[in-house]
Amino acid sequence: MTSTAEISLPDLEPNRPLTLPLQAEVTLPNGLTIIAIQRPSVPLVEVRLRVPFAQAPLAASSVLTQTLFSGTSQKSTVDIAAELQTVGGGLAAALDPDRMLISGNALTTGLDRLLELLAEVLHDATYPATEVVTERDRLADRIQVALSQPSHLARVALLKRMYGDHPYAVQTPGADEVRAVDPEHLRLLHAQRLHPNGSTLVLVGDIDPEAALAIATDRLGSWSGDGAPIELPPSPPLVAGPLVLADRPGSVQSSIRIALPAVPRTDPSHAALQLANLIFGGYFSSRWVENIREDKGYTYGPYSMIEHSVAGSALIVSAEVATEVTGPALVETLYELGRLAALPPGEAELEQARQYALGTLQLGMSTQAGLAGLASTYAGSGLRLNYLAEHAIRLEAATREDVHRAALQYLAPAKALLVVLGDAAKIREEVSAIVAVTP
Amino acid sequence: MQIPRTHYQVERFTLPNGLRVVLSPDRSAPVIGVAVVYDVGIRSEPEGRTGFAHLFEHLMFQGSANLEKLAHFRYVQGAGGTFNGSTHLDYTDYFETAPSNALERMLFLEADRMRGPRLTEENLANQIDVVKEEIRVNVLNRPYGGFPWLKLPPVMFDSFPNAHDGYGSFTDLEAATVADAAEFFDRYYACGNATVSVAGDFELDYARQLVEKHFGDVPARPAPARPDFDEPDLTGERRKSYVDSLAPLPAVAAAWRVPNPITRFSDYLPYVVLAEVLTDGDAARLVERMVLKDRIVTSVGGYLGFMGEPFEVRDPTAMLLQAHLPPQGSADKVLATIDEELDRLATDGLAAGELARTQARMATHLLRDTDAVLGRALRMAVLELQRANPALLNDLPHLIAEVTADQIREAAATMRPHRRASIEVVPGGGEK
């Protein structure tokens, strides 16, 4: 190695401005809102159809996502898949407690055909008996596999602890419940809930937004069905209490999960809370990750993030740690939360987190899929992409005091709701020495 | 359906120290992707040091000539960017994506560690712990951990480079020393053994100057000779099984050797398409037959290379098919059905439209993978490293579309049971 003079870190050039893409929007008489966004980077189009699905029965809704494309009066599963493929396309449905999301993409030239097939399914999905049995069995098997995964089990325990009787408490149906769903349930659910009213279709890609609106209007303007919008009650406030210790005998790691309160995207303190979360554990260069991974080697991929749902938001802290360091890892986690709640962050670490948050906005907007995801997610909270520009201004403006106030209010360990999944026989004693434990 | 073409500008040059450079400007969004790829991977790690290539990748983030530990992460993220690295069979990549005003900073960071990481006992011990936790998360504490990418190579291959566990045994990881790391760096992390690629929002001449400024004085060291890792093809079926104590349901994966992806690219491409004909979506042959009709599997997937990267792998490699089975499912039956479907395809050929629709969908996947500037930078860096042809990225959708039905039949006809290696997961797990 040659000896080189100390080379100094290059400065950043001036920030490029955050510019919003060309877009157009319409709400049709049937209640469907269509947002078309131009991002001509590759000759593709991304499609997201968000349909409100609050309070829908969980097992039937889950099976519906797997059978929506299983046939119409004119086409079989294979016909639908083959015709989508012909235009370079694909479509799939997914569920959360707020909505069903139908996602897909195609070559730009296939947009009209993809929407025609989507419309056919929305109008005329038949839920054929054989396909329903196949798909519900597959889903039941996947649920059984999920139950052997620590990340899933920890999530299940955490949601139950957080939400009690609220619909957010259980987000995966039981395998037996899934096997009991029959085609008639699905047809009824489809008729009751797959409605244009309140739904949002997002199209992003190498498209002329106005022309794309015209195509989508032509294909989905006759989508019918009605029903009053169904809303969830606000999610209940998190109630702190003893740490829930979920036993997984023989586990070589413990899954630590912590839930803390958070505010929705539209709250004036959201930007400050986002920055507080980053400084605590929300990115690699955070206090917590530098501590428990880069200093102590307790864990590989710890993360902390704000999860926004329609009926409420929460901050979720997650780490898989070696069984033998469960206690120390928990202590460091609570310490880092408490430190940020007790003392304002430094100027440099705030600036670093701020730049990261701003950069993430630019990167998130730089792909078709990224823009489609943002536009669809925001639409679910009544927001549009201009939120990105407004949020950037709020991130720029947040002060150390704002961030400290947010941390004091939301990252306080006294408000933490704790779950640890692990080998209880090995970890109970040391975890109990740190916090009260149940059972 | 007309397959569209991308027209990414691709500029290649080599610095006097031997570093190969690819620049691909695209001003459509104010972001950049930077990738540095070294021509060393899991196959090159020494016996007794399984997992070392990956462990070393972690050490490349622990400080370098002008940077303290943690500085790399902070400087990337403090510029609004994200970073990572990953270790593959034939290469190791390091990358950042960030707003374009951070371009020079990213180049500085990569150049600095190309001059040499800070290798200390403390950092080594720390990262051995981190890597062990990574292996626990991804392999030891979950069902189907390492299936099939760690479990199938030892069935198919005989030589240490191709057969061993690339994540590494805890014994080998714990035995690693700072001296091992220094030697590994000296041998493999030469700038003559690397490529750097930048895609995104920059002006070509300006980026070229920045690359020359930061990488130009990295000491020249030649690339080590790359061994030929080839092994003879199988002449008889190989089959193994193992009990996964966490898995609740059976699974099976099978692999067949394919032509050299670099030197016989046109013979190799039909296999890339064949994998999709068999498994991409509900209209694909094996999905229709095994998932929807016979219901002997709950999912089936097919891909090229043990890490599923058809255009980033060297010889010897394989086409893989893997399936998850329902309770009491029979791996024998699954393998027999695959044989039957391959035979039918080889004998009767494709249905009308079957190939064209598969190729159209593959074009979408390829275009989508490289929509992000980082995806483009990474693929171009590896294409330069392995093929000296980063502009191949622009051609791939069309090359895929030019594969003929006869080539698919011929490819299917080579996938006979006597050339097959397979591994079966026997469930040992309940619901916990």
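Residues numbered from 1 in each chain as written. Chains lettered and ligands numbered in written order. Predicted model: local features only at pLDDT ≥ 70, side-chain atom pairs only at ≥ 80, totals over all residues. Heavy atoms only, no water.

1. Overview of the sheet that holds strand 3 (residues 31-38) of chain B
All names here are of chain B.
- In space, the six strands of this open sheet follow the order 1-2-6-3-5-4, with mixed pairing throughout. In this open sheet, the two edge strands, each paired with only one partner strand, are strand 1 (11-14) and strand 4 (82-87). Shown here is a sheet whose adjacent strand axes are inclined to one another by a mean of 15°, direction ignored.
- Bridge analysis of strand 4 against strand 5 (residues 92-99) gives six bridges, and the strand direction is antiparallel. Paired with Thr82 across the strands is Thr97, a residue of strand 5.
- Lying on the sheet, helix 14 (residues 373-387) is in contact with strand 1, strand 2 (20-25), strand 3, strand 5 and strand 6 (194-200); it crosses strand 3 at an angle near 30°. (Pairing = 2+ DSSP bridges. Helix = DSSP H or I, 4+ residues; strand = E, 2+ residues; numbered from the N terminus. Axes fitted to C-alpha atoms, helices over the stretch in contact; angles between N-to-C directions. Contact = heavy atoms within 4.5 Å.)

2. Topic: the interface of chain B and chain A
- Across the boundary between the two partners, chain B contributes 79 residues, which contact 81 residues of chain A.
- Summed over both partners, the interface of chain B with chain A comes to about 7,100 Å²; 57% of that surface belongs to carbon and sulfur atoms.
- One salt bridge in this structure joins A:Glu290 and B:Arg74, with 2.6 Å as the shortest N-O distance.
- Summed over the shared surface of chain B and chain A, the result is 35 residue pairs in polar contact (both at pLDDT 80 or more).
- Elements with a contribution of two residues or more to the side of chain B that touches chain A: helix 2 (71-77), strand 4, strand 5, helix 3 (103-115), helix 4 (121-140), helix 9 (204-215), helix 11 (285-293) and helix 13 (354-369) of chain B.
- A total of nine residues in the side of chain B that touches chain A trace back to one element, the largest contributor, which is helix 4 of chain B.
- Classifying every residue of the side of chain B that touches chain A gives 35 nonpolar, 22 polar and 22 charged. (Buried area = accessible area lost by both parts, 1.4 Å probe. Salt bridge = Lys/Arg side-chain N within 4 Å of Asp/Glu carboxyl O. Polar contact = N/O pair within 3.5 Å; in protein donor to acceptor, adjacent residues only side chain to side chain. Nonpolar A, V, L, I, M, F, W, Y, C, P; charged D, E, K, R; others polar.)

3. Looking at the confidence of the model for chain B
- On average, residues of chain B carry a pLDDT of 97, and 99% of them reach 70 or more.
- Predicted complex, confidence summary: ipTM 0.96, pTM 0.96. (pLDDT = per-residue confidence, 0-100.)

4. Examining helix 1 (residues 52-59) of chain B
- With eight of eight residues buried, helix 1 of chain B is to be regarded as a mostly interior element.
- Taken residue by residue, helix 1 of chain B has B:Phe52, B:Ala53, B:His54, B:Leu55, B:Phe56, B:Glu57, B:His58 and B:Leu59 as its buried positions.
- Residues of helix 1 of chain B that are buried make contact with helix 10 (287-295) of chain A together with strand 4, strand 5, helix 4, helix 7 (170-175) and helix 8 (178-188) of chain B. (Buried < 20%, exposed > 50% of the residue type's maximum accessible area, 1.4 Å probe, protein only.)

5. Some points on the pattern of salt bridges
- Within the structure shown, the criterion is met by 61 salt bridges over all chains.
- With a shortest N-O distance of 3.0 Å, A:Arg155 and A:Glu307 are connected by a salt bridge. Taken together, the residues span a long stretch of sequence, with A:Arg155 in helix 5 (residues 150-163) and A:Glu307 in strand 9 (residues 303-309) at a distance of 152 residues.
- Between B:Arg115 and B:Asp217 there is a salt bridge whose closest N-O contact spans 2.8 Å. Here B:Asp217 lies in the loop between helix 9 and strand 7 (238-244) and B:Arg115 lies in helix 3, a separation of 102 residues in the sequence.
- Its relative accessible area of 7% is what places B:Arg115 among the buried residues.
- Given a relative accessible area of 37%, B:Asp217 falls into the partly exposed group.
- Each of the salt bridges in this network shares a partner with another, and the network as a whole consists of B:Arg289, B:Lys293, B:Asp294, B:Glu340, B:Glu341 and B:Arg344.

6. Side note on the UniProt feature "domain: Peptidase M16 C-terminal" (unreviewed entry) in chain A
- With numbering aligned to this structure, UniProt lists the feature "domain: Peptidase M16 C-terminal" (unreviewed entry) at residues 181-355 of chain A.
- Its end C-alpha atoms 49 Å apart, residues 181-355 of chain A is made of 41% helix and 22% strand. (UniProt positions renumbered as here; feature names shortened; annotations may be inferred.)

7. Concerning the UniProt feature "domain: Peptidase M16 C-terminal" (unreviewed entry) in chain B
- The UniProt record annotates "domain: Peptidase M16 C-terminal" (unreviewed entry) at residues 177-361 of chain B.
- Helix makes up 39% of residues 177-361 of chain B and strand makes up 18%, while its end C-alpha atoms are separated by 47 Å.

8. Considering the domain arrangement of chain A
Residue and element names in this part refer to chain A.
- Segmentation of chain A into domains returns domain 1 (23-220) and domain 2 (244-432).
- Measuring from the centre of the C-alpha atoms in domain 1 to the corresponding centre in domain 2 gives 29 Å.
- At the interface, 34 residues of domain 1 touch 30 residues of domain 2.
- When domain 1 packs against domain 2, close to 2,400 Å² is buried across both sides, 66% of that on carbon and sulfur atoms.
- Summed over the three residues of domain 1 that lose the most area to domain 2, namely Arg50, Leu158 and Arg161, the buried surface amounts to 20% of that side.
- Inspection of the domain 1/domain 2 interface yields two salt bridges.
- For Arg384, the salt bridge goes to Glu25, with nearest N and O atoms at 2.8 Å.
- Counting every contact that joins domain 1 to domain 2 gives nine residue pairs in polar contact (both at pLDDT 80 or more).
- When residues of the side of domain 1 that touches domain 2 are assigned to their parent elements, the largest contribution, 10 residues, is made by helix 5.
- Residues belonging to the side of domain 1 that touches domain 2 are distributed by class as follows: 17 nonpolar, eight polar and nine charged. (Domains from an automatic or database assignment.)

9. Things to note about the confidence of the model for chain A
- Within chain A, residue pLDDT values average 96, and 98% of them lie at 70 or more.
- Confidence over residues 1-5 of chain A falls short of pLDDT 50; this stretch has five contacts with residues more than four positions distant or in other chains.

10. Considerations on the UniProt feature "domain: Peptidase M16 N-terminal" (unreviewed entry) in chain B
- With numbering matched to this structure, UniProt assigns "domain: Peptidase M16 N-terminal" (unreviewed entry) to residues 20-137 of chain B.
- Helix makes up 38% of residues 20-137 of chain B and strand 24%, with an end-to-end C-alpha separation of 36 Å.

11. Observations concerning the domain arrangement of chain B
All names here are of chain B.
- The domains assigned to chain B are domain 1 (11-215) and domain 2 (238-427).
- The contact between domain 1 and domain 2 buries some 3,800 Å² in all, and 70% of this surface belongs to carbon and sulfur atoms.
- When the area that domain 1 buries against domain 2 is broken down by residue, the three leading residues are Tyr144, Phe147 and Met156, summing to 19%.
- For the pair domain 1 and domain 2, the number of links is four salt bridges.
- When the shortest N-O distance is used, the salt bridge between Asp26 and Arg376 registers 2.8 Å.
- Counting across the domain 1 and domain 2 interface gives 16 residue pairs in polar contact (both at pLDDT 80 or more).
- Among the elements of the structure, strand 2, strand 3, strand 5, helix 5 (153-156) and strand 6 are those that each provide at least two residues to the side of domain 1 that touches domain 2.
- Counting residues per element, the side of domain 1 that touches domain 2 draws most heavily on strand 3, at seven residues.
- A class-by-class count of the residues in the side of domain 1 that touches domain 2 yields 23 nonpolar, 12 polar and 11 charged.

12. Things to note about the packing of aromatic side chains
Residues and elements named next belong to chain B.
- The full count for this structure, using the stated rule, is 24 aromatic pairs over all chains.
- Where Phe52 meets Phe184, the ring centres are 5.2 Å apart and the plane angle is 75°; that geometry is what we call edge-to-face. Highlighted residues: Phe52 in helix 1 and Phe184 in helix 8, separated in sequence by 132 residues. Take Phe52 and Phe184: they sit in the same class, and that class is buried. (Phe/Tyr/Trp six-rings, centres within 6.5 Å; stacked < 30°, edge-to-face > 60°.)

13. Section: the side chain of B:Asp90
All names here are of chain B.
- Along the chain, Asp90 turns up in the loop between strand 4 and strand 5.
- Judged by its relative accessible area of 3%, Asp90 is buried.
- Polar contacts involving the side chain of Asp90 include one to the side chain of Arg43, which spans 2.9 Å.

14. Considerations on the UniProt feature "domain: Peptidase M16 N-terminal" (unreviewed entry) in chain A
- Taken from the UniProt record, the annotation "domain: Peptidase M16 N-terminal" (unreviewed entry) applies to residues 65-170 of chain A.
- Helix makes up 56% of residues 65-170 of chain A and strand makes up 14%, while its end C-alpha atoms are separated by 17 Å.

15. Some details on the pairing of strand 6 (residues 200-205) of chain A
Residue and element names in this part refer to chain A.
- Along strand 6, six of the six residues are buried, which leaves the element largely enclosed by surrounding structure.
- Burial along strand 6 is two-sided: Thr200, Val202 and Val204 facing one way and Leu201, Leu203 and Gly205 facing the other are all buried.
- Where strand 2 (residues 33-38) meets strand 6, six bridges bridge the pair, whose relative direction is parallel. Its bridge partner being in strand 6, Ala36 is matched across the sheet by Leu203.
- Both strand 3 (residues 44-52) and strand 6 contribute to a ladder of six bridges, which runs antiparallel. The partner of Leu49 across the bridge, within strand 6, is Leu201.

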